[in-house]
Amino acid sequence: MRGEAGSRGCEILCDSYHIRKGKPKLKGLPASFGTEEEVETLEVVCVDRELRLKVILSYSVFEKSDMIARNVRLINEGEEHLRIEKVLSACIDMDDEEFEMVTLAGGWARERRLQRRRLTYGKQMVSSSRGESSHQEHPFLALVTPETTYQTGCVYAMNFVYSGNFVAEAELNQHDAVRMVLGISGEDFCWNLRGGEEFQAPEALLTFSDEGFGKMSRSFHDFYRNHMIRSPYLHKKRPVLINNWEATYFDFDTEKLLDIAREAKKAGIEMLVMDDGWFGKRNNDDSSLGDWNVNKEKITGGLKYLVEQVREIGMEFGIWFEPEMISPDSNLYREHPEWAIHIPGRKATESRAQYVLDLSNPEVVDYAYECVAKILRSAPISYVKWDMNRQLCDLGSSYLDRVSQQELFHRYVLGLYEMQERLVNEFPELLLENCSSGGGRFDAGMLYYSPQIWCSDDTDAVERLSIQEGTALLYPLSTMGAHVSDCPNHMTGRITSFETRGHVALFGTFGYELDITKIPEQDRKMIPSQVEMYHKYNDLVREGDYYRIASYRENHKYDCFLVAAKDKSEALMTFVQVQCIPNFHGKKIRLQGLDEKALYRLEGTEESFTGEMLMKGGFVIDFMQGDAVSRLYHFVANF
Ligand code: GLA
């Protein structure tokens, strides 16, 4: 905290505390919620008398969920103009237990790969200064004891409920003590706190597991399902959708979309999603972001006509937007170049031929929101994919004054949250899927607004194993946007069987991303049974407990995971053999999450096993020929 004299310092001493039932909302920010029976909040009020600064440290304890939600509020009770240069949301000091540091790292099309390293002396951190939580690093940090696996070991984990710049840091110091912190990144951040003003830092979630990553994942999954996601779709099957992005890219019109819809309907698919390219003069990614008027040359008959035709076919309709962006080649930019984030006097860097709108400006937020809302008001649209296809740089706002420029990163995120809050309030029945060049903004903050997020632009079934493993480390399977796409895969050129692609997508939201009028006949014929499979298992996948059994990322051969019903009455296990090993007589897999005493029948066979046999003795996966081949095993208890 920097005062008017220019020196930096802050000495907050505990002044009082109170404990109350329930948990207050955080103004303008996503945050967990719970009833008075589910959560209790301790507020520790600290004061720096010199600065006349009050700091409220808030700890909300969700006892049944093994979760503590932590946030910090700063109030300037004096007259001095203070400047916050660093404010973290959580800090834990503990003794070293030979900790290893676990984070999620990646890149575009390679999101959220588990990364583990020994904690050494000094500070080690992951962070984002890209304006979003990012593909590259993730606002999550765990310190684990060396023996930690999916089933064993102690895990101290923190996850941030925030979608912008963050820092997650662990430090092993000279006394062999460890400090672990999480919060908004201090890079290019400075917030003015004038007399009487408040600053609310985002929420951090803290959990502990003494049964390895598995229990940690299940705690986060349950917590997000029970205390973060508000969408009415949370406990519902999402309609099986077909998205035209990988099918047509920008080359489509009303007739093409209706052809896809007719064929999709025959196969049992329930919703058509029109992706990028329906507005302005956008026939490639060079133009028109900001001009959210329907391109009547492509969408002949208009949007309402298209939506009505799709509904007549018997399907719902969804649409793509990228509301936070502006193309230099757009009417909006020609009219309002000052609405793009840029440093005055310098040419801003283009990425994917676009700039980012300055969401610190309320007028821009209103405009961008109205563009989306107007379209949604014009036709019965059931679903929105809200995309964000570039990260922020060249930070400068023509709206903010000179001393407030370093508020831009955070104000951008607040503007985004405000738009999404308005959207879910005005269109409560809308199914919202967030997206950022695939999974660049897959974080707990966005889950407050949308029950699902597109996991990655990489739809290759083999690549998805590691991406979905990393994502499911924290987030429920029901939140992971996952589709069956065509082969050779557009990202990797890899060919996998249609069946395997279906099995992998089944453990997310499930849908299609291909031109159903063009794919091989034998693939098209499999779609009705895949849709049936989705309907049969989605309640279990969406609501059940997730257990990771083997990781292709670790063993380079096969992947295996299962979802067990909360009452342990059934379990669905997926085994994907990525590489065939010749002369290999079956693989024994130990299941998890079953009732030891119950007798489980393996569906489609006469075989039965006790839970104890399956979990302790193991289950033999018979030899399979081929690479990237998969099987599903459904065990049903005879209670
Ligand atoms: C991003 C998304 C894709 C698609 C394109 C459209 O990359 O992740 O799924 O919507 O934008 O431009």
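Residues numbered from 1 in each chain as written. Predicted model: local features only at pLDDT ≥ 70, side-chain atom pairs only at ≥ 80, totals over all residues. Heavy atoms only, no water.

**Student:** I tried to follow the overall build of the protein on my own but got confused; where do I start?
**Tutor:** Looking only at helices and strands, the protein has 13 helices and 35 strands in total. Radius of gyration (C-alpha) of the protein: 25 Å, near the 26 Å computed for a compact globule of 639 residues. Its C-alpha atoms put the protein at 80 × 65 × 40 Å along the principal axes. Sorting the 639 residues of the protein into buried and exposed places 60% on the buried side. (Helix = DSSP H or I, 4+ residues; strand = E, 2+ residues; numbered from the N terminus. Rg over C-alpha atoms; globule rule 2.2 N^0.38 Å. Buried < 20%, exposed > 50% of the residue type's maximum accessible area, 1.4 Å probe, protein only.)

**Student:** Mind showing me how you'd approach the pairing of strand E10 (residues 140-144) here?
**Tutor:** Buried residues dominate E10, accounting for five of its five residues. Side chains Phe140, Ala142 and Val144 of E10 all project onto a buried face; the interleaved residues Leu141 and Leu143 project onto the opposite face, where all are buried too. Here strand E7 (residues 100-105) pairs with E10 via three bridges, running antiparallel. Bridge pairing links Met101 to Leu143 in E10. Direction of pairing for E10 relative to strand E11 (residues 155-161): antiparallel, over a ladder of five bridges. Looking at the pairing, Val144 lines up with Val155 of E11. (Pairing = 2+ DSSP bridges.)

**Student:** Would you mind showing me how to read the pairing of strand E29 (residues 558-564) here?
**Tutor:** Strand residues, when the strand is regular, have side chains that alternate between the two faces of the sheet. The element E29 is largely enclosed, with a buried count of seven among its seven residues. Covered by surrounding structure in E29 are Tyr558, Cys560, Leu562 and Ala564 together with Asp559, Phe561 and Val563, the residues of both alternating faces. Two strands pair when backbone bridges link them, and strand E28 (residues 545-550) and E29 are joined in this way by five bridges, in the antiparallel orientation. Each residue of the ladder has a partner; that of Arg548, found in E29, is Phe561. Once E29 ends, the chain turns through five residues before running back antiparallel as strand E30 (residues 570-577), passing Lys568 with a positive phi of about 65 degrees.

**Student:** I'm lost on helix H9 (residues 461-472) in this one. Help?
**Tutor:** Note on helix geometry: an α-helix contains 3.6 residues per turn, so any two residues three or four positions apart are oriented the same way. Its twelve residues place the ends of H9 16 Å apart at the C-alpha level, agreeing with the 16 Å of an ideal helix rising 1.5 Å per residue. Taking burial as the measure, the twelve residues of H9 include twelve buried ones, the bulk of the element. Taken as a whole, H9 has its buried residues at Ala461, Val462, Glu463, Arg464, Leu465, Ser466, Ile467, Gln468, Glu469, Gly470, Thr471 and Ala472. (Expected span 1.5 Å × (residues − 1).)

**Student:** Would you mind showing me how to read the confidence of the model for the protein here?
**Tutor:** Detailed reading of the predicted coordinates is not advisable wherever pLDDT falls low. Averaged over every residue, the pLDDT of the protein is 97; the share at 70 or more is 100%. Mean pLDDT values for the elements of the protein range from 89 in strand E31 (residues 587-589) up to 99 in strand E19 (residues 316-321). (pLDDT = per-residue confidence, 0-100.)

**Student:** How should I be thinking about the sheet that holds strand E6 (residues 88-95) in this particular structure?
**Tutor:** The strands making up a sheet associate through hydrogen bonds between their backbones, and the pairing can be parallel or antiparallel. Spatial ordering of the open sheet is given by E6-E13-E12-E9, a layout of four strands whose pairing is antiparallel. Each edge of the sheet is formed by a strand with only one pairing partner; in this case those strands are E6 and strand E9 (122-128). Each strand axis lies, on average, 10 degrees off the axis of its neighbour in the sheet, ignoring direction. (Axes fitted to C-alpha atoms, helices over the stretch in contact; angles between N-to-C directions.)

**Student:** Teacher, can you tell me more about the nonpolar core here?
**Tutor:** One broad trend across soluble globular proteins is that nonpolar side chains are buried collectively. Counting 169 residues, the largest nonpolar core has Trp278, Ile319 and Tyr512 as its most contacted members. Considering each element in turn, this core owes the most residues, nine residues, to helix H6 (residues 362-378). One finds Ile549, Leu562, Leu614 and Ala637 within the second-largest nonpolar core, a separate group that totals 26 residues. (Core = buried A, V, L, I, M, F, W, Y, C linked by side-chain atoms within 4.5 Å.)

**Student:** It is not clear to me how the site of the ligand should be interpreted in this structure. Could you clarify?
**Tutor:** Among the 13 residues in the neighbourhood of the ligand, the closest are listed as Asp275, Asp276, Lys385, Gly438 and Asp457. Between the ligand and Lys385 there is a distance of 2.7 Å, counted from an oxygen atom to a side-chain nitrogen or oxygen. In the environment of the ligand, an oxygen atom lies 2.8 Å from a nitrogen or oxygen atom belonging to the backbone of Gly438. Contact with the protein chains removes 97% of the 300 Å² of surface that the ligand exposes when unbound. Among the residues forming the shell around the ligand, the class breakdown is four nonpolar, three polar and six charged. (Near = heavy atom within 4 Å. Polar contact = N/O pair within 3.5 Å; in protein donor to acceptor, adjacent residues only side chain to side chain. Areas by Shrake-Rupley, 256 points an atom, 1.4 Å probe, with all protein chains shown as cover. Nonpolar A, V, L, I, M, F, W, Y, C, P; charged D, E, K, R; others polar.)

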